[in-house]
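Fold and geometry: a report
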There are 2 protein chains.
Amino acid sequence: MTRTSLSREEVLETAGALVRQHGPAALTMRKLAAELGTAVTSIYWHVGNRESLLDALVERTVRELGEIRPHGRTPAARIVSVATALRRELRERPHLIAMVHERGLTERMFLPAQQALVHEVHRAGLRGAAAARVVRAVQFQVVGHVLVERYRERAPAQHPGEDELWHTAPAEHDPALARALARPPDPERLFAASVRALVDGLLAQPR
Amino acid sequence: MTRTSLSREEVLETAGALVRQHGPAALTMRKLAAELGTAVTSIYWHVGNRESLLDALVERTVRELGEIRPHGRTPAARIVSVATALRRELRERPHLIAMVHERGLTERMFLPAQQALVHEVHRAGLRGAAAARVVRAVQFQVVGHVLVERYRERAPAQHPGEDELWHTAPAEHDPALARALARPPDPERLFAASVRALVDGLLAQPR
DNA sequence: ACCTGAACACCGTTCAAGT
DNA sequence: ACCTGAACACCGTTCAAGT
């Protein structure tokens, strides 16, 4: 059983599918070769080695990140809409962030959202270093939040029997607070509220 | 050359040192055995396997996390001081966060700071779900920020020749903004400003 | 230009055998 | 109770040999 000749494109395609489904750790050269129906060593001819294969994969995924169109009336609302859109883009590619960071492409990944943010922050009347600060703060906030969210999702059981631990200090006298903290957070709402607060706070700060 | 009999304690100690210096990926059972001067298989008798060795390491590090004492005058300042202290604790254990998350111990790691935060948020006059939201938002903010910071530090070159990419849109007419964004951010100051803005925004939100 | 299998140096883990 | 080496199934990568 022979197969049509292998191409770099096909290697990337198949590797990408494996990463999307099972994460980068599950991408072994041998499994990839099996999937492709070739000898392991053929892959090396096309993509060099595992590391540069992943590099190429990340490159391509980053390029895929769509342009971001803000919407909303107030400057704050428009900035929040950019954050929300960025979060969605990142969550659609669950393995991207970590891979991007490991390769030093964080700034590059930030770009589409950054341009939109710069525009909106400018519209909000901020200039220079103050404007840059807002842009950066929002970027860090979004990426950080998505990272924590993803970690929490992958995590098993979470909070092993820590209900008891809550019965301390002020939480005792505020059962609604204790209950709220015992429940797992709703990341979507938490994200919206946090970004909103961050942006409000930043725009209110002295310049 | 024989050695005094191995103990679980000694295995954890040595493994911990290796992880602190070179990260969890560098901890191989064989290197650890070499370090300890025993056969690889001896380790298995004491700690089961690599995974439970790492579990134990994380357990112990989480327990090490110190209590957090807020300071400052205003409620906002005190909450920010908790965030800052938590950030410091986490940065002192650079490999902890990822390992904690992978093991579903996020909530546990949050605990010391959480208790302090609950107390301060209560003092600020918040109750119930609104208080919980502030606590969670600050926790996510801190952990997320530290994660992004760490990724950036480990990253190589960062922003490969993207100065040009900046010469677009509004940045063109605001050279101070363009310059500020071209420079790598100062994470310490960015963190302080972000947390401050977040807390201000949260405390100002309608309840 | 492209593909191959053999071989090397590394992993984590199991197991029967030692004391 | 504790330690050992041999062995197994996996890695990524190199290389000489094929077409």
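The preceding data block contains the structure.
Since we're looking at a predicted model, the values are computed, not measured.

**Remarks on the interface of chain B and chain A**
Listed per partner, the contact involves 62 residues of chain B and 62 residues of chain A. Summed over both partners, the interface of chain B with chain A comes to about 5300 Å²; 69% of that surface belongs to carbon and sulfur atoms. The tally of links between chain B and chain A comes to two salt bridges. Arg152(B) serves as the salt-bridge partner of Glu107(A), at 2.0 Å between the closest nitrogen and oxygen.

**Re the pattern of salt bridges**
Under the definition given, this model contains 36 salt bridges over all chains. Of the charged contacts in the structure, one is a salt bridge between Glu64(B) and Arg93(B), with a shortest N-O distance of 3.6 Å. In this pair, Glu64(B) is assigned in helix α4 (residues 50-64) and Arg93(B) in the loop between α5 (75-91) and α6 (96-102), connecting sequence segments 29 residues apart. It is possible to trace a salt-bridge network through shared partners that takes in Arg87(A), Arg91(A), Glu149(A), Glu153(A) and Glu188(A).

**Some words on helix α7 (residues 106-123) of chain B**
All names here are of chain B. Here α7 spans 25 Å end to end across 18 residues, near enough to the 26 Å set by a 1.5 Å rise per residue. Approximately 50° is the largest bend angle found in α7, and it occurs at proline 112. Across the 18 residues of α7, 13 count as buried, placing the element largely inside the fold. After α7 finishes, the residue glycine 125 shows a positive phi value of roughly 100°.

**A short note on the protein's contact with DNA strand D**
Taken together, 19 residues surround DNA strand D, and among them Arg30(A), Thr41(B), Ser42(B), Trp45(B) and His46(B) come closest. One of the side-chain N or O atoms of Arg30(A) is found 2.3 Å from a base nitrogen in DNA strand D. At 2.6 Å, a side-chain N or O of Ser42(B) approaches a phosphate oxygen of DNA strand D. Among the secondary structure elements, those contributing two or more residues to the surface near DNA strand D are α2 (29-36) and α3 (40-47) of chain A together with α3 (40-47) of chain B. No other element matches α3(B), which puts four residues into the surface near DNA strand D. Of the residues that constitute the surface near DNA strand D, the class distribution is seven nonpolar, eight polar and four charged.

**Notes on the protein's contact with DNA strand C**
The environment of DNA strand C is formed by 19 residues, the closest being Thr41(A), Ser42(A), Trp45(A), His46(A) and Arg30(B). Across the atoms of DNA strand C situated within 4 Å of the protein, the share located in sugar and phosphate is 50%. Between Tyr44(B) and DNA strand C, the recorded distance is 3.1 Å, taken from a side-chain N or O atom to a phosphate oxygen. In terms of residue class, the surface near DNA strand C is made up of seven nonpolar, eight polar and four charged.

The rules behind the values
Residues numbered from 1 in each chain as written. Chains lettered and ligands numbered in written order. Predicted model: local features only at pLDDT ≥ 70, side-chain atom pairs only at ≥ 80, totals over all residues. Heavy atoms only, no water. Contact = heavy atoms within 4.5 Å. Buried area = accessible area lost by both parts, 1.4 Å probe. Salt bridge = Lys/Arg side-chain N within 4 Å of Asp/Glu carboxyl O. Helix = DSSP H or I, 4+ residues; strand = E, 2+ residues; numbered from the N terminus. Expected span 1.5 Å × (residues − 1). Bend = angle between axes of the 7 residues up to and from the residue. Buried < 20%, exposed > 50% of the residue type's maximum accessible area, 1.4 Å probe, protein only. Near = heavy atom within 4 Å. Polar contact = N/O pair within 3.5 Å; in protein donor to acceptor, adjacent residues only side chain to side chain. Nonpolar A, V, L, I, M, F, W, Y, C, P; charged D, E, K, R; others polar.

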